[in-house]
Amino acid sequence: MNIFNVTINFEEADHETVVLPIAEGESVLDVCLENGIELQHNCGGVCGCSTCHIYVNKGMDNIQEISDKEEDFIDRAVNPRITSRLGCQCVVIDGDIEVTLPDQSGFMGH
């Protein structure tokens, strides 16, 4: 099994960028949860909502291609961009990636 790096940036100013190992076949959501990083996932990580929406800054070719279902949910996300993906569907297949997590504070207190 291949291990790569995921660099995670945060929109919140008080969060430091972190670099974590990510295994081939593992999602960004999995790595966040394993490392205590707050990333909402109301559907449980099954591509059933848009709360784990993230931005992929580098390495788009190193993750699984986007599905029509995922694109539909991204359209409903807050501030979607051309680089938007869902953390649960952002599965590494070959190489390092860099992502930015949108401000999660709007989800707090649910």
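Now for a description of the structure that goes with this document. (Residues numbered from 1 in each chain as written. Predicted model: local features only at pLDDT ≥ 70, side-chain atom pairs only at ≥ 80, totals over all residues. Heavy atoms only, no water.)

## Focus on the overall build of the protein chain
Next up, step 1: When helices and strands are counted, the protein chain shows 2 helices and 5 strands.
Next up, step 2: Starting at the N terminus, the α and β elements of the protein chain follow one another as β-β-α-β-α-β-β.
Next up, step 3: Over its C-alpha atoms the protein chain spans a radius of gyration of 13 Å, differing by no more than 12% from the 13 Å that the globule rule assigns to 110 residues.
Next up, step 4: Along the first, second and third principal axes, the C-alpha atoms of the protein chain reach 35 × 35 × 25 Å.
Next up, step 5: Taken over 110 residues, the protein chain has a buried fraction of 45%.
Next up, step 6: Accessible surface, the protein chain: about 6000 Å² in total, of which carbon and sulfur atoms supply 46%. (Helix = DSSP H or I, 4+ residues; strand = E, 2+ residues; numbered from the N terminus. Rg over C-alpha atoms; globule rule 2.2 N^0.38 Å. Buried < 20%, exposed > 50% of the residue type's maximum accessible area, 1.4 Å probe, protein only. Areas by Shrake-Rupley, 256 points an atom, 1.4 Å probe, with all protein chains shown as cover.)

## Remarks on the side chain of serine 50
Next up, step 1: Position of serine 50 relative to the elements: it lies in the loop between α1 (28-34) and β3 (53-58).
Next up, step 2: By relative accessible area, which is 18% here, serine 50 ends up buried.
Next up, step 3: Residues within four places of serine 50 in sequence aside, it is in contact with Phe73, Arg76, Ala77 and Leu86. (Contact = heavy atoms within 4.5 Å.)

## Some details on the packing of aromatic side chains
Centre distance and the angle of the planes are the two values used to describe a pair of aromatic rings.
Next up, step 1: With the rule as written, the count across this model stands at 0 aromatic pairs.
Next up, step 2: Above the plane of the ring of tyrosine 55 lies arginine 81, whose end atom (NZ or CZ) is 3.6 Å from the centre. (Phe/Tyr/Trp six-rings, centres within 6.5 Å; stacked < 30°, edge-to-face > 60°. Lys NZ or Arg CZ within 6 Å of the ring centre and 35° of its normal.)

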